[in-house]
Structures are given as structure tokens and as C-alpha cells.
Amino acid sequence: MSLFMIVSALLSGALVGALLGLFGGGGSVLATPLLLYVVGIRDPHVAIGTSAAAVAVNAGLNLVGHGRGGRVKWPCASVFAGAGLIGSFLGSTLAKAIDGQRLLLGFALAMAAIALSMMRRPKSQGDPLVHITPGLMLKLTPLGLLTGLAAGFFGIGGGFLIVPGLMAATGMTLANATASSLLSVSLFGAATSLNYAASGLINWPVAGLFILGGLAGGAVGVRGAALLAAHALPARRLFASLVLAVAAYVAWNALRG
């Protein structure tokens, strides 16, 4: 690898790690575009597989920070993530069989959906004392399965579906859903990356650098999430605008082939 690739992988990982810490799963959506257009990985499948591996580790590390802060609703998060593991294996298997440029076009559409979902204001502030019940498990299981399928197919953490899914099914707060989503992001990313690794579609040196950069970025992001708690929605909307712009760029490149 060139010096530029090494530095760009470290900085890209730091950025994604910080965004994961700040916004939960939605922060991982820039990983694949960064690997393609900044770091210089040319194969879309390798970029998706590499980003899934790196995001899985970074999300897991950020999850520890949020867990220590008491923001993770572990029972609800575990049911959702457990159901989604099956879906992520199925989705990533299907994605590997699709042409790379077509997959990128679908990825761009998913990015646009992520951006729009992050701009919406929650219908309520949510219940910070929510706890798991049999009724909630029945709601969380199918949502987790479908979200895992989408996350595996597009090679993203799926946080744009996980956060509103957790809020809709359980009534938890945005802060709790953002933190709790990281368990699913980590497990879905691990399942997807294992599937891609089985086909030799991961650049492990770049993934390692991406993870290393994410260590520093994630620590900053987790601290920032606590500081931005009172301004979470404006911050998410600003980030969503960036995601929407990147989605347009990815779609343009995919259409050009």
C-alpha cells in the first residue's frame, strides 16, 4: 500500500468511528464511499466487505462506551440483533451475486433513504425506562430479521432502520435507540464480513487501518454524543444532508460505470 492509502484509511476510519459514536448505526453509511473514492479500493464488493468488517469492530467498541454510560437497553437490543443475524447472512449472500455497479446504485438509494429518515423528528420523546416484555419481543423479532436482510444486502450497519425500528417497537428514546442500535450494527457487520471473507472479498490490511483509525474517532464520538444530547436532531439533520450529497455522487459514478 502507498503512504496515501495508509493515511487515508486511518483518517477515513477515524471519521466513521466518530460518526458511529455520535449517531449510532447511521454513522456507518459513509464507510463504503470512503473506501471507494478516498482510500482507492476499486472493486465495489471488496469495498463493501472491507467496510462491513471495519464497521463491525468500530461499532462494537463504541457500544462499550455507550454501555458504560447506561444508554443501551440490552434486552431489547439483543432480541432485535439476534433475529437480524439470519437476515444479514441471507442479504449478503444475495448481494455477492449482483453486479458491482448495480449494487452501488442500490447502495446510493439506500443512502438517500438513510438521510431522509435521519431528518425526521421523532413523534415523541420516548420512555427512558422501557423494558422487555413478550409483546415487545413479538414486535422486535420480525423487524430485526428484515433489517438484518437490508443491512447484509447493502453492506451497511442498518442503523437507519434499527434506530426508528427500536423506537417504534419499544417506545424508547432516541438516545437509547442510537446507543442500542450499535449491538445490531456490530453483529450484522460481523455476519456480512464473514460471508464476504469466505469469497475472498475483504482487504484485510485496509480493514485493520480503518479499525485503528476508528479507535480514536469512536472515543471522540461517544463523548460528543453525550454533549450533543440536547441538540441531537439538528446534528442528525446536518449529517443527513452530507449523506444525501454523497448518495448523489455514488449514484452518478454507478451510472457512469
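Report on the accompanying structure. (Residues numbered from 1 in each chain as written. Predicted model: local features only at pLDDT ≥ 70, side-chain atom pairs only at ≥ 80, totals over all residues. Heavy atoms only, no water.)

Looking only at helices and strands, the protein features ten helices and zero strands. Computed over its C-alpha atoms, the radius of gyration of the protein comes to 17 Å, within 12% of the 18 Å expected for a compact globule of 257 residues. Principal-axis analysis of the C-alpha atoms places the extent of the protein at approximately 50 × 35 × 30 Å. Considering the protein as a whole, with its 257 residues, one finds that 55% of them fall into the buried category. Summed over all atoms, the accessible surface of the protein reaches about 10,900 Å², with 71% contributed by carbon and sulfur. (Helix = DSSP H or I, 4+ residues; strand = E, 2+ residues; numbered from the N terminus. Rg over C-alpha atoms; globule rule 2.2 N^0.38 Å. Buried < 20%, exposed > 50% of the residue type's maximum accessible area, 1.4 Å probe, protein only. Areas by Shrake-Rupley, 256 points an atom, 1.4 Å probe, with all protein chains shown as cover.)

On to helix α4 (residues 74-96). Compared with the 33 Å implied by 1.5 Å per residue over 23 residues, the 32 Å span of α4 between its first and last C-alpha is a close match. Along its length, α4 reaches its greatest deviation from straightness, about 35°, at L85. What α4 keeps buried is the set C76, A77, V79, F80, A81, A83, G84, G87, S88, G91, S92 and A95. (Expected span 1.5 Å × (residues − 1). Bend = angle between axes of the 7 residues up to and from the residue.)

Moving on, we get to a nonpolar patch on the surface. A cluster of nonpolar side chains, I86, L90, L145, L146 and L149, forms an exposed patch at the surface whose accessible area comes to about 480 Å². Counting only elements with at least two residues in the nonpolar patch, the list comes to α4 and α6 (134-154). The greatest single-element share of the nonpolar patch, amounting to three residues, is contributed by α6. Here L149 is to be found in helix α6. (Patch = residues over 30% accessible without salt bridge, like charges linked within 9 Å, V, L, I, M, F, W, Y side chains within 5 Å. Salt bridge = Lys/Arg side-chain N within 4 Å of Asp/Glu carboxyl O.)

The subject of this paragraph is the side chain of S88. Relative to the assigned elements, S88 resides in helix α4. Since its relative accessible area comes to 0%, S88 is described here as buried. Contacts of S88, omitting those with residues within four sequence positions, involve G148, L149, G152, F188, A191 and T192. (Contact = heavy atoms within 4.5 Å.)

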